[in-house]
Amino acid sequence: MLTSALIHPGRVVIYGTNPASGRDPRFMSGSQVAVRSKRFSLWNYTVQSQFLKGQAYLPRSSRRVRAGCASKGDIQGLDARSEHSKSANEDILFFFFQLDMATRVQYALNLEQYDIAQQLRDKLNEVENEVIRQLDFRRVSTAKSKVQDLSIHILRLRSQMQIAIQNENYALAAKLRDDISEVEAESIAASAKALAYDSVQYEFRLGQKVRHKIFGYRGVICGMDPVCCESSSWIETAKINQLSRGSAQPFYQVLVDIYEDPSLLVAYVPQENLLLPNPPDTATFDHPYTSFLFYGTDTAGDFIPVQQLREKYNRPRHEASFNPDDEDDEHIA
């Protein structure tokens, strides 16, 4: 049973029910609508109660979890869980909530419940505006505005210091001089961050399968930032400043295969700690979020991000390369 909350082109249904029964809601009885809505609400509750709290997804499978992450990990006192990111997980679930709301709007329209559809659309607009605000806070606009704010703050401090000197209040002037030095250092760091936003070069793309250089687990890229956007406490715990490029490099939201490390779920990984699998990874990848972040996989085994995910990160559509030799080999076989 496919469980998702995507709007597929040309076919709008509420997933989480048997696809064979995906009839037009306008021709369903009241009891059928109630049952389907109840199932859909149960799916949303399950996602939010389990994943928002960071609990591991444990499907009903007898496959053994691969050992490897923990045994390979404890390097310089770290293991794979040091890169676990609650904020990255919440960011993904916020994206899911947007898809969910859009699906509910379309569902209400199918039932000709236009008042409800309008209420849901208004709520969706609020959610989307909040997402945009958060993205702006983490990305370019804030980095540049912070530099401007710090520059203004420095000018004010210098003016206050000049007044203190004129009043022969040298103790205050000395304190203001030290404050100026601290703010100037912060301004230089903010300028470097703004420059990194403008000139970032991503080595990996959305949906691409990767492997962690240190911990060895398999992952899939589902989000990216030009620089580390985590809190200072997270940066300290993950020892990001010990990396060769520190926090001033692209960081990726990475889905971790549940059979590699069922406790990790979503990691926030610096670019220098990721590599492409060699040979290419065409094996099955298991994770509860793939159903709403991706359409499926391409011929190379990588995932195809949904349009909304590409738009969120302003990334182009990737076309998997076609190798004619593979087709020739099939004909020969």
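Our subject in this report is the structure included herewith. Just so it is clear, the structure is predicted and the values come from calculations on it, not from any experiment. Within every chain, residues take consecutive numbers counted from 1 along the sequence as written. The predicted nature of this model means local features are confined to residues of pLDDT at least 70 and side-chain atom pairs, given and counted, to a pLDDT of 80 or more, with totals for whole chains, interfaces and linings taken over all residues. Side-chain metrics rest on all non-hydrogen atoms present in the structure, leaving aside hydrogens and water.

This brings us to the overall build of the protein. Within the protein, the regular secondary structure consists of 10 helices and seven strands. Under the scheme applied here, a residue whose accessible area is under 20% of the maximum for its type counts as buried, over 50% as exposed, and between as partly exposed, the area being computed with a 1.4 Å probe on protein chains only. Buried positions account for 41% of the 333 residues belonging to the protein. A separation of at least 24 residues holds for 68% of the contacts in the protein among residues at least 6 apart in sequence. Calculation of accessible area relied on Shrake-Rupley with a 1.4 Å probe; when residues are assessed, cover is drawn exclusively from the protein chains displayed. Here the protein displays about 18,900 Å² of accessible surface, and carbon together with sulfur accounts for 51% of that area. The numbering of helices and of strands both runs from the N terminus, where a helix is a DSSP run of H or I of at least 4 residues and a strand a run of E of at least 2. The criterion used for residue contact is that any of the two residues' heavy atoms lie within 4.5 Å.

Judged by nonpolar contacts, the single largest core of 35 residues is most densely connected at Tyr-217, Ile-221, Leu-255, Tyr-289 and Leu-293. Counting only elements with at least two residues in this core, the list comes to helix H3 (86–110), strand E2 (218–225), strand E3 (251–256), strand E4 (266–270), helix H8 (290–293) and helix H9 (307–313). Ranked by residue count, the leading element in this core is H3, at six residues. Formed by 10 residues, the second largest nonpolar core is a distinct cluster that contains Val-147, Leu-150, Ile-154 and Ala-173. Residues belong to a common nonpolar core when they are buried Ala, Val, Leu, Ile, Met, Phe, Trp, Tyr or Cys residues joined through side-chain atoms within 4.5 Å.

With that settled, the discussion passes to the packing of aromatic side chains. Only centres within 6.5 Å qualify two rings of Phe, Tyr or Trp (six-membered ring in Trp) as a pair; their planes then separate them into stacked at under 30 degrees, edge-to-face at over 60, and tilted for everything else. Taken as a whole and judged by the stated rule, the model has eight aromatic pairs. Ring centres of Phe-204 and Tyr-252 lie 5.5 Å apart, and the angle between their planes is 80 degrees; on these two criteria the pair is classed as edge-to-face. Of this pair, Phe-204 sits in the loop between helix H6 (170–199) and strand E1 (209–212) while Tyr-252 is found in strand E3, placing the two residues 48 residues apart along the sequence. Its relative accessible area of 0% is what places Tyr-252 among the buried residues. Their ring planes at 65 degrees and their centres at 5.6 Å tell us that Trp-234 and Tyr-268 sit as a pair that is edge-to-face. Taken together, the residues Trp-234 in helix H7 (residues 232–237) and Tyr-268 in strand E4 connect sequence positions 34 residues apart. Taken together through their ring pairs, the aromatic side chains of Phe-96, Tyr-289 and Phe-292 make up a single cluster.

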